[in-house]
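Chains, contacts and geometry: an overview
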Amino acid sequence: GDSVTQMEGPVTLSEEAFLTINCTYTATGYPSLFWYVQYPGEGLQLLLKATKADDKGSNKGFEATYRKETTSFHLEKGSVQVSDSAVYFCALSGTYSGGGADGLTFGKGTHLIIQP
Amino acid sequence: AAGVIQSPRHLIKEKRETATLKCYPIPRHDTVYWYQQGPGQDPQFLISFYEKMQSDKGSIPDRFSAQQFSDYHSELNMSSLELGDSALYFCASSLGRGAAREAFFGQGTRLTVV
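Attention in this report is confined to the structure presented alongside it. Being a predicted model, the structure only gives us computed values, none of them experimental.

The next thing to look at is the overall build of chain B. Helices and strands together make up the secondary structure of chain B, namely zero helices and eleven strands. Ordering the α and β elements of chain B from the N terminus gives β-β-β-β-β-β-β-β-β-β-β. Taken over C-alpha atoms, the radius of gyration comes to 13 Å for chain B, in line with the 13 Å a tight globule of 114 residues would show. Summarising its shape, the C-alpha atoms of chain B cover approximately 35 × 25 × 25 Å along the three principal directions. Taken over 114 residues, chain B has a buried fraction of 48%. Sequence-distant contacts, at least 24 apart, represent 53% of the contacts inside chain B between residues at least 6 apart. Working note: accessible area of chain B is about 5500 Å², and carbon and sulfur atoms make up 49% of it. Where the 12 positive side-chain charges of chain B centre and where its 12 negative ones centre are 2 Å apart.

Set out below in structure tokens:
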């Protein structure tokens, strides 16, 4: 079935550092790829998405490129802020296995901690 | 802007009891999704509805059922509760079906089974 693998956390960085959170996937079809962010006590918020190979999603300084050849969708940000501290989930959709056509398949999540 | 509303926010039940979780989607959204997130786990897709009909089914236990009503709100009914059902339950909604659509999540209902 479909699966998403993210780097284990927590990831601790200093403010203004460069961020990379790795995400790779396994899927039988041609999924859409997403990054969601979850702040403490809150629901999931869509951060960015890409629906086909070589698409780049970007939002709030974060970006990720859909790499079909390496089945990856790594999240990057050039200069992180304390307010970026949260749990980040990589997810995929659009295939007919795993969660089904409607449901998202999530990775385990990466807890990001940004220190002042 | 209106968001997805879930109620209650917190719920404590005893083993073998039943629970009903409610979800009110963003106005005009016609698709609702339910997810279960265990402690320290990733969200698991349970079930979805489009235009009041079941659209897709994930890892929903047979003890759980759900429906979407004429006003598009949805309810997740959970019976014979087990300790392992303790989790955060998220509802999400979108305009149109299919997971490539942007889904907006509610803040979740935290269910504790004791």
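This part takes up the pattern of salt bridges. All names here are of chain B. If you walk through the whole model with that rule in mind, you get seven salt bridges over all chains. Of the charged contacts, one joins Lys22 and Glu75 as a salt bridge, the two residues approaching to 4.0 Å between their closest N and O atoms. With Lys22 in strand β3 (residues 19-24) and Glu75 in strand β8 (residues 74-78), the pair connects residues that are 53 residues apart, well separated along the chain. Its relative accessible area of 31% is what places Lys22 among the partly exposed residues.

All names here are of chain B. Considering the arrangement of structural elements, one finds Gln68 in strand β7 (residues 64-68). Taking the relative accessible area as the measure of exposure, Gln68 reaches 5% and is therefore buried. At a separation of 2.8 Å, a polar atom in the side chain of Gln68 contacts the main-chain amide nitrogen of Lys52. A polar contact of 3.1 Å, which involves the side chain of Gln68, links it to the backbone oxygen of Tyr72. With residues up to four places along the chain from it excluded, the contact list for Gln68 reads Asp30, Val32, Phe49, Tyr50, Glu51, Lys52, Met53, His73 and Ser74.

Take the interface of chain A and chain B next. With 22 residues of chain A at the contact, the number on the chain B side is 23 residues. Buried surface at the junction of chain A and chain B, summed over both partners, amounts to about 1700 Å²; 50% is from carbon and sulfur atoms. The largest per-residue losses of area from chain A upon contact with chain B belong to Leu44(A), Asp102(A) and Phe106(A), which jointly make up 34% of the total buried on that side. Applying the counting rule to chain A against chain B returns one salt bridge. Between Lys108(A) and Asp42(B) there is a salt bridge, with the nearest N and O atoms lying 3.2 Å from each other. By residue class, the composition of the side of chain A that touches chain B is eight nonpolar, ten polar and four charged.

Reading the values: the criteria
- Per-chain numbering applies: the sequence of each chain, read as written, is numbered from 1 onward.
- Each chain takes a letter, starting from A, and each ligand takes a number, starting from 1, following the order in which they are written.
- Local features are withheld for residues below a pLDDT of 70 in this predicted model, meaning they are given only at 70 or higher, and side-chain atom pairs are given and counted only at 80 or more; totals for whole chains, interfaces and linings count all residues.
- The basis for the side-chain values is all heavy atoms of the structure; hydrogens and waters are excluded.
- Per the convention used, a helix needs a DSSP run of H or I reaching at least four residues, while a strand needs a run of E reaching at least two, with both numbered from the N terminus.
- Atoms considered for the radius of gyration are the C-alpha atoms alone. The globule rule reads 2.2 Å times the number of residues to the power 0.38.
- Only protein chains enter the area calculation, which uses a 1.4 Å probe; residues under 20% of their type maximum are buried, those over 50% are exposed, and those in between are partly exposed.
- Residues are treated as being in contact if the distance between any of their heavy atoms lies within 4.5 Å.
- The Shrake-Rupley method, run with a 1.4 Å probe sphere, supplies the accessible areas, and residue values consider only the shown protein chains as cover.
- We score Asp and Glu as negative and Lys and Arg as positive, and we do not count His or the chain ends.
- Taken as the charge centre is NZ of Lys, CZ of Arg, CG of Asp or CD of Glu, depending on the residue.
- Within this document, salt bridges are pairs made up of a side-chain nitrogen of Lys or Arg and a carboxyl oxygen of Asp or Glu, the two lying within 4 Å of each other.
- For the purposes of these results, a polar contact is taken to be a pair of N or O atoms within 3.5 Å, where, inside protein, one atom must be able to donate a hydrogen and its partner to accept one; residues adjacent in sequence count only when each atom of the pair is a side-chain atom.
- Buried area is understood as the total, over both parts, of accessible area removed when two parts are fitted together, assessed with a 1.4 Å probe.
- All amino acids are sorted into three groups, where Ala, Val, Leu, Ile, Met, Phe, Trp, Tyr, Cys and Pro are nonpolar, Asp, Glu, Lys and Arg are charged, and the leftover types, Gly among them, are polar.

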